[in-house]
Amino acid sequence: MTTRREDGQIYLIAGATRSGKTAWMRRNLLQHERALIWDVEGEWSQLPNTYTVTSVSYLQELTQAATPGKQYHIAFVPGGNLKKQFDDFCRIAFNWGNKHDKTAVVVEELADVTPPGKAPDAWGIVLRRGCKRGMRVYGITNRPAESDKTIIAQAAHLIVFEQRRALDREYIAKELQIAVDQIPTKQLIYIHKNNLERTLKVDSITFPQEYAPPGVRRDYAGGACKRPPVVLE
Ligand SMILES: Nc1ncnc2c1ncn2[C@@H]1O[C@H](COP(=O)(O)OP(=O)(O)OP(=O)(O)O)[C@@H](O)[C@H]1O
Ligand SMILES: [Mg+2]
């Protein structure tokens, strides 16, 4: 990193299952040229114009080969030891973000890979040092009480969808310093607390979305089509 970059931003997206988190993320990813997605459910890899990668070594290779000025949305579908792969994923994401301004990192199901305390290893580095490098970091979780607290402390933006349990609504209201009745109780409705601008807005997700433009799926090497590594144009 040599030149001064615009500060990055961290988002925490929380909400019950099927509340609208991934749909929100799809809408917001459109604005990013480079994005690396921890796609533990293999949902993102189904989208057109998204590279699918299933091995750490190919992820490394693809991020190194990615040329500036072209859109790279890379869905990494992990398998096996999730925690080890997550650490590798975060290291690669950090290095990619260090090289290119405004690199986005999306982590689905944060609670699978982070404990309810301090963020582990490379994920902690992404959260603590990514903003300085202009990274856009998005952590997605059902219940923030179950995932790391570093992200809550560092997030400039808290996007909160429906919470079904009263205890979860109370927990989040306390973290956000808002009244419990401001936490949504309906699917596809969310609040956005912007800690930089000190604003709180209610909004909703509507369909159809614009995320998936016409295009083809692309599997990169270790992905489903198992073809050998290719040189990227
Ligand atoms: N393209 C679409 N068109 C219509 N409905 C959709 C579309 N994408 C998602 N939905 C619906 O919107 C709701 C929210 O889906 P979404 O995948 O965003 O949930 P989520 O909060 O990420 O849930 P989970 O925690 O289970 O991943 C679901 O009922 C889903 O079926
Ligand atoms: Mg989801």
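Attention here is on the structure that accompanies the text. Owing to the predicted nature of the structure, the values given are computational and were not obtained by experimental measurement. (Residues numbered from 1 in each chain as written. Chains lettered and ligands numbered in written order. Predicted model: local features only at pLDDT ≥ 70, side-chain atom pairs only at ≥ 80, totals over all residues.)

### Points about the nonpolar core
Selection criterion: Defined on buried residues, the nonpolar core groups Ala, Val, Leu, Ile, Met, Phe, Trp, Tyr and Cys residues joined through C-beta atoms within 7 Å. Working definition of burial: number of other C-beta atoms within 10 Å of the residue's own, with buried at 20 or more, exposed at 12 or fewer, and partly exposed in between, all C-beta atoms being placed from the backbone. Strands here mean DSSP runs of E at least two residues long; helices mean DSSP runs of H or I at least four residues long; both are numbered from the N terminus. Residues are scored as being in contact if the C-beta atoms we place from backbone atoms lie within 7 Å.
Ile74, Phe76, Val105 and Tyr138 are the most contacted members of the largest nonpolar core, which has 55 residues in total. At 7 residues, helix α3 (residues 82-99) tops the list of elements feeding residues into this core. In contact with Ile74, not counting residues within four places along its chain, are Ala35, Leu36, Ile37, Tyr51, Val53 and Leu62.

### Section: helix α5 (residues 121-129)
Quick reminder: α-helices carry 3.6 residues per turn. Residues three or four places apart thus point the same way. What counts is decided by this rule: The directions considered for the arc run from the helix axis to the C-beta atoms.
Listed as buried for α5 are Trp123, Val126 and Leu127. Buried residues along α5 cover an arc of 90° about the axis, so they all sit on one side. Contacts made by the buried residues of α5 are with β1 (9-14), α3, β5 (104-107), β6 (136-141) and α6 (150-154).

### Some words on the site of ligand 1
Condition: Any residue whose C-beta atom, as set from the backbone, lies within 6 Å of a molecule or strand is reported as near that molecule or strand. Here the nonpolar group is Ala, Val, Leu, Ile, Met, Phe, Trp, Tyr, Cys and Pro; Asp, Glu, Lys and Arg are the charged ones; every other residue, Gly included, is treated as polar.
With respect to spatial proximity, 11 residues lie near ligand 1, and among them Thr17, Lys21, Thr22, Ala23 and Phe207 are the closest. Looking at the shell around ligand 1 residue by residue, the class counts come to 2 nonpolar, 7 polar and 2 charged.

### As for helix α7 (residues 166-176)
When α7 is considered as a whole, its buried residues turn out to be Asp168, Ile172 and Leu176. Taken around the axis of α7, the buried residues stretch over an arc of 60°, which confines them to a single face. Facing away from the buried side of α7 by more than 90 degrees, the exposed set consists of Ala166, Leu167 and Lys174. Following α7 by one or two positions, Gln177 adopts a phi angle in the positive range, close to 55°.

### A closer look at the pairing of strand β4 (residues 72-76)
Quick note on the threshold: Strands pair, by our definition, only if DSSP identifies at least two bridges between them. Seen with the strands pointing away from the viewer, any crossover whose path from the first strand over the helix to the second strand runs clockwise is right-handed.
Taken across its 5 residues, β4 has 5 buried, putting it largely inside the fold. Side chains Tyr72, Ile74 and Phe76 project from β4 onto one buried face, and the interleaved His73 and Ala75 project onto a second face that is buried too. As judged from the 5 bridges shared by strand β2 (residues 34-38) and β4, these two strands associate in the parallel manner. For Ala35, the partnering residue across the bridge sits in β4 and is His73. Note that the unit made of strand β3 (residues 51-53), helix α2 (residues 56-65) and β4 has a crossover that is right-handed.

### Section: the environment of Pro116
Among the secondary structure elements, Pro116 is positioned in the loop between α4 (110-113) and α5. Owing to 12 C-beta atoms within 10 Å, Pro116 belongs among the exposed residues under this scheme. Sequence spacing of Pro116 and Pro144 is 28 residues, and the spatial spacing of their C-alpha atoms is 8.2 Å. For Pro116, the contacting residues outside a window of four places in its chain are Ala145, Glu146, Ser147, Asp148 and Lys149.

### Considering the pairing of strand β7 (residues 157-160)
The pairing of β1 with β7 spans 4 bridges and is classified as parallel. Its bridge partner being in β7, Tyr11 is matched across the sheet by His157. In this structure, β7 lies alongside strand β8 (residues 189-194), joined through 4 bridges in antiparallel fashion. Within β8, the position partnered with Leu158 by the bridge is Lys193.

### Some words on the packing of α2 against α3
Applied cut-off: Helix axes are fitted to C-alpha atoms over the stretch in contact, other axes to C-alpha atoms as well, and angles between N-to-C directions run from 0 to 180 degrees. Orientation labels follow simple angle bins: below 35 degrees gives roughly parallel, above 145 gives roughly antiparallel, 65 to 115 gives roughly perpendicular, and whatever is left gives oblique.
Viewed as axis vectors pointing N to C, α2 and α3 meet at an angle of 5°, and their least axial separation amounts to 10 Å. Between α2 and α3, the angle is such that the two are roughly parallel. On α3, the residues touching Val56, Leu59, Gln60 and Thr63 of α2 are Gln85, Asp88, Phe89, Ile92 and Trp96. Looking at side-chain class alone, the contact of α2 with α3 contains 5 nonpolar, 3 polar and 1 charged residues.

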